[in-house]
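# Geometric and topological summary
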Amino acid sequence: MVPILIVLLLALILFGAGFAVKILWWVALIVLALWLLGFLVRGTSAGGGRSRWYRW
């Protein structure tokens, strides 16, 4: 009985990890798209040059 429970628990953990990794891939793609969009639509500064859209 205990080996079956261990196998089921392991399967549940691996399924959960796979789901989390898939969600993280989607989050990474959304962040990349937002970064590229912000890079492309950044405004100009008072001096006429392109300004940075982020504050580092």
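Refer to the structure printed above.
Residues numbered from 1 in each chain as written. Predicted model: local features only at pLDDT ≥ 70, side-chain atom pairs only at ≥ 80, totals over all residues. Heavy atoms only, no water.

## Structural notes on the overall build of the protein chain
A count of helical and extended segments in the protein chain gives one helix and zero strands. Put simply, the protein chain has 56 residues, and 2% of those count as buried. Carbon together with sulfur atoms contributes 80% to the accessible area of the protein chain, which is approximately 5400 Å² in total. (Helix = DSSP H or I, 4+ residues; strand = E, 2+ residues; numbered from the N terminus. Buried < 20%, exposed > 50% of the residue type's maximum accessible area, 1.4 Å probe, protein only. Areas by Shrake-Rupley, 256 points an atom, 1.4 Å probe, with all protein chains shown as cover.)

## Looking at a nonpolar patch on the surface
A cluster of nonpolar side chains, contributed by W26, L29, I30, L32, L34, W35, L36, L37, F39, L40 and V41, occupies part of the molecular surface with about 1200 Å² of accessible area. Locating W35 in the fold gives a position in helix α1 (residues 2-40). Judged by its relative accessible area of 42%, W35 is partly exposed. (Patch = residues over 30% accessible without salt bridge, like charges linked within 9 Å, V, L, I, M, F, W, Y side chains within 5 Å. Salt bridge = Lys/Arg side-chain N within 4 Å of Asp/Glu carboxyl O.)

These values are about where atoms sit, not about what they do.
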